[in-house]
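Observations on chain architecture
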Amino acid sequence: MLVLGGTTEGRAVAAALAGRDGVRVVSSLAGAVRSPALPEGEVRIGGFGGAAGLAAHLRAERVGAVLDATHPFAATMTANAATACAATGVPLVVLRRPGWTPGPGDRWYRVGSAAAAAAALPALLPGADGRVLLTTGRGGLVHFAEVDAAFWVRAVDPPEGPLPARCELLLDRGPFALDDERALFAAVDPHVLVTKDSGGAATAPKLTAARERGVPVVVVDRPPLPVGVAVESTVEAALARLLGP
Ligand code: NAP
C-alpha cells in the first residue's frame, strides 16, 4: 500500500500497519518541509512527476492500494492520485479529517481562497494599526502583501516570495497547546485570525483562543475533492475500506 502522507493521519496509518503481516506499506512525503516528522516503516520522499509519474510508479512498484492521507489543502496531490488510480485501476481511498465548525460566540467569515481572505481583512481592521495573525502557512502569502496592517505569520519553514511590508515570522510547527495559543494571542493581541479549514485537533486551539478573546476569524474553505473518489474520515474506516475488516 502506498500512503500519501505529510500529516498526523498519514503517520497514524503507518503506525497502525507497522508489522502487519502481508501488507507492505510505503509512506510518501513531498519533501516540502526541511525536517519532516517521519512515519514508522518504509518512507520515500519527493514528488512523482504529476499524475503520469504517479501512475508509472504504481505500475512499477506493483502498488495494490493507495491511501491518500494528505492535508485537505494538498489539492494537486489528491487530484493526481485520483487520476493515476483511475488510469491504473489501483483502489484509492482518501482519508479526509472533518473540517472545523464554529462554536457559540464565534465570528467566522468563510472565504474561498487566500486572495478572498486578504480582500476580507480591511473591513475587519481598525485601519493601518490593524494586527493580523496569519496561520495559513507559507503558501499564498503574496495575496496579503498589499494589505496595510501588521502581520504575524506562522509557518513551519520560512516563506519564499513577497510578504506583507510589516511582518513578523513565527516559525513553529503544531501541535499547539491551548495555553501557548492563549499566550500568543495575549502577546500579539490580533484584531483578526486568518486560518485554513485544516480540521483536526493539532491546530484547533487557536480557534478557542480567538473565541475567548472575541477575535473574528477568516476561514479559508477547503478545495473540493475530485468527483467520485472514495472518502473516509477516520484512519480505521479508511483502512477497513481498503483492506477489509
Ligand atoms: P500539493 O500542492 O497538493 O502538491 C504539490 C506537489 O507536491 C504534488 O504535485 C506532488 O508532486 C508533491 N506532493 C505532495 N504531496 C506529496 C506526497 N505525500 N508524496 C509525494 N509527493 C507529494 O501539496 P502541498 O499543499 O504543497 O503539500 C505538500 C505536502 O505537505 C503534502 O504531502 C501534505 O500532506 C503536506 N501538508 C500540507 C499542508 C498544506 O496546508 N497544504 C499542511 C500540512 C501538511 P508531483 O506532482 O511531482 O508528484
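Preceding this section is the structure that the text describes.
First, a word on scope: everything that follows refers to the structure included in this document. Fair warning: this is a prediction, and the values are worked out from it, not measured in the lab. (Residues numbered from 1 in each chain as written. Predicted model: local features only at pLDDT ≥ 70, side-chain atom pairs only at ≥ 80, totals over all residues. Heavy atoms only, no water.)

A short note on the side chain of Lys206
Along the chain, the position of Lys206 falls in helix α6 (residues 205-213). Put simply, Lys206 is tucked away with no salt bridge, and the nearest opposite charge, on Glu181, sits 6.2 Å away. For Lys206, the side chain forms a polar contact with the side chain of Thr195, separated by 3.0 Å. The contacts of Lys206, once residues within four sequence positions are left out, are Trp100, Thr135, Arg154, Glu181, Phe185, Leu193 and Thr195. (Helix = DSSP H or I, 4+ residues; strand = E, 2+ residues; numbered from the N terminus. Buried < 20%, exposed > 50% of the residue type's maximum accessible area, 1.4 Å probe, protein only. Lys, Arg positive; Asp, Glu negative; His and termini not counted. Salt bridge = Lys/Arg side-chain N within 4 Å of Asp/Glu carboxyl O. Polar contact = N/O pair within 3.5 Å; in protein donor to acceptor, adjacent residues only side chain to side chain. Contact = heavy atoms within 4.5 Å.)

Some thoughts on the side chain of Thr78
Mapped onto the secondary structure, Thr78 falls in helix α3 (residues 75-88). If we skip the residues at most four places from it in the chain, Thr78 touches Asp68, Thr70, Val94, Arg96, Leu225 and Pro226.

Quick word on the nonpolar core
Counting residues in hydrophobic clusters, the biggest one holds 19 residues, and the most contacted among them are Leu121, Phe144, Phe151, Val194 and Val218. Of all the elements in the fold, those that place two or more residues in this core are α4 (114-120), β7 (131-135), β8 (150-155), β10 (192-196) and β11 (217-220). Ignoring sequence-local partners within four residues, the contact set of Val218 consists of Tyr109, Val111, Ala117, Leu121, Leu124, Val192, Leu193, Val194 and Thr195. (Core = buried A, V, L, I, M, F, W, Y, C linked by side-chain atoms within 4.5 Å.)

Digging into the packing of helix α2 (residues 50-60) against α3
Packing of α2 against α3 brings their axes to within 8 Å, and their N-to-C directions diverge by 50°. Between α2 and α3, the interaxial angle falls into the category oblique. Crossing handedness for the pair α2 and α3: right-handed. Of α3, the residues touching α2 (which contributes Gly50, Ala51, Leu54, Ala55, Leu58 and Arg59) are Met77, Asn80, Ala81, Thr83, Ala84, Cys85, Ala87 and Thr88. Considered class by class, the residues forming the contact of α2 with α3 number nine nonpolar, four polar and one charged. (Axes fitted to C-alpha atoms, helices over the stretch in contact; angles between N-to-C directions. Parallel < 35°, antiparallel > 145°, perpendicular 65-115°, else oblique. Left-handed = near helix turned anticlockwise from the far one by under 90°. Nonpolar A, V, L, I, M, F, W, Y, C, P; charged D, E, K, R; others polar.)

A few points about the site of the ligand
As a structural note, the neighbourhood of the ligand is formed by 21 residues, with Gly5, Ser28, Phe48, Met77 and Lys196 the closest of them. Contacts to the ligand include Thr76, whose backbone N or O atom sits 3.0 Å from an oxygen atom. Contacts to the ligand include Met77, whose backbone N or O atom sits 2.8 Å from an oxygen atom. Notes on the ligand: free accessible area 810 Å², of which the protein chains cover 71%. Elements represented by at least two residues in the shell around the ligand include exactly β2 (26-29) and α3. Looking at which element gives the most residues to the shell around the ligand, the answer is α3, with four residues. Residue composition of the shell around the ligand, by class: seven nonpolar, 12 polar and two charged. (Near = heavy atom within 4 Å. Areas by Shrake-Rupley, 256 points an atom, 1.4 Å probe, with all protein chains shown as cover.)

Any functional reading would require information beyond the geometric quantities listed.
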